[in-house]
Amino acid sequence: QVQLVESGGGLVQAGDSLRLSCAGSGLTFSMHAMGWFRQAPGKEREFVATISWSGGSTSHTDSVKGRFTISRDNAKNMLYLQMNSLKPEDTAVYYCAARRQYRGTSNRAGDYDYWGQGTQVTVSS
């Protein structure tokens, strides 16, 4: 059974950095495109970043470009999101997600088949 487990969230001040991690198990991790999404209270889940199965292709939503970086280590079955220069509007629950094998990257939540339980990121001003 596929499991994705996020970690690394917390309470930080504006301008601080955090690195989120997502550990995958029960799947051939290197064969799956992955993504990060977030959901703030009262808002819909939104795309943050996606990475191809090889790590050679990435995409970030405009609001985080230049501040966040998605990466992966297939040897460790790990997905990461490095978040720098955090802003209060980045406050949300962050989820990692995996597409079915051999699918490309996507910014649509509906294209992802496996989800983690989420990790809370709170940025104070």
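A short tour of the structure in this document, coming up. Along each chain, residue indices are assigned from 1 in the same order as the chain's sequence is written. Where totals are concerned, whole chains, interfaces and linings use all residues; where local detail is concerned, this predicted model gives features only for residues with pLDDT of at least 70, and gives and counts side-chain atom pairs only at 80 or more. Where side-chain values are given, they derive from all heavy atoms of the structure, hydrogens and water being excluded.

## Digging into the pairing of strand β4 (residues 32-39)
Phase 1 of the analysis: Exposure categories follow from relative accessible area, calculated using a 1.4 Å probe and restricted to protein chains: below 20% of the type maximum is buried, above 50% is exposed, and the middle band is partly exposed. Secondary structure elements follow DSSP: runs of H or I of four or more residues count as helices, runs of E of two or more count as strands, with numbering from the N terminus. Across the eight residues that make up β4, a large majority, seven, are buried.
Phase 2 of the analysis: Note that β4 and strand β9 (residues 92-101) share seven bridges and pair antiparallel. Within the sheet, the bridge partner assigned to R38 lies in β9 and is Y94.
Phase 3 of the analysis: For two strands to pair, DSSP has to find at least two bridges joining them. In terms of strand pairing, β4 meets strand β5 (residues 46-51) through five bridges, oriented antiparallel. Paired with W36 across the strands is A49, a residue of β5.
Phase 4 of the analysis: Two successive antiparallel strands, β4 and β5, enclose a turn made up of six residues, where G42 displays a positive phi of approximately 75°.

## Concerning the state of the cysteines
Phase 1 of the analysis: The rule for a disulfide is simple: a pair of cysteine sulfur atoms within 2.5 Å. A complete count under the given rule lists one disulfide for this structure.
Phase 2 of the analysis: A disulfide bridge connects C22 with C96, and the sulfur atoms are separated by 2.0 Å. What sets the handedness of the C22 and C96 disulfide is the S-S torsion sign, and at about 45° it is right-handed. One end of the pair, C22, is in strand β3 (residues 18-25); the other, C96, is in strand β9, and 74 residues separate them in sequence.
Phase 3 of the analysis: By relative accessible area, C22 is classed as buried at 0%.

## Structural notes on the packing of aromatic side chains
Phase 1 of the analysis: Stacked, edge-to-face and tilted labels apply to pairs of Phe, Tyr and Trp rings (six-membered ring for Trp) whose centres lie within 6.5 Å, assigned for plane angles under 30 degrees, over 60, and everything in between, in that order. Across all of its chains, the model carries five aromatic pairs by this definition.
Phase 2 of the analysis: Between F37 and F47, the ring centres sit 5.8 Å apart and the planes meet at 70°, which makes this aromatic pair edge-to-face. In this pair, F37 is assigned in strand β4 and F47 in strand β5, connecting sequence segments 10 residues apart. Neither F37 nor F47 differs from the other in exposure class; each is buried.
Phase 3 of the analysis: With a centroid separation of 5.1 Å and 55° between ring planes, the pair formed by F37 and W115 is classed as tilted. Separated by 78 residues along the polypeptide, F37 in strand β4 and W115 in strand β10 (residues 114-115) bring together distant segments of the chain.
Phase 4 of the analysis: Accessibility expressed as a relative area gives 1% for F37, which makes it buried.
Phase 5 of the analysis: Site record: aromatic cluster; members linked through ring pairs are F37, F47, Y95, Y112 and W115.
Phase 6 of the analysis: Across from the ring centre of Y95, 3.8 Å away, lies the NZ or CZ of R45, which sits over that ring. Only when the NZ of Lys or the CZ of Arg is both within 6 Å of the ring centre and within 35 degrees of the ring normal is a charge said to sit over the ring.

Note that every value here comes from positions in space, so none of it alone points to a role or purpose.
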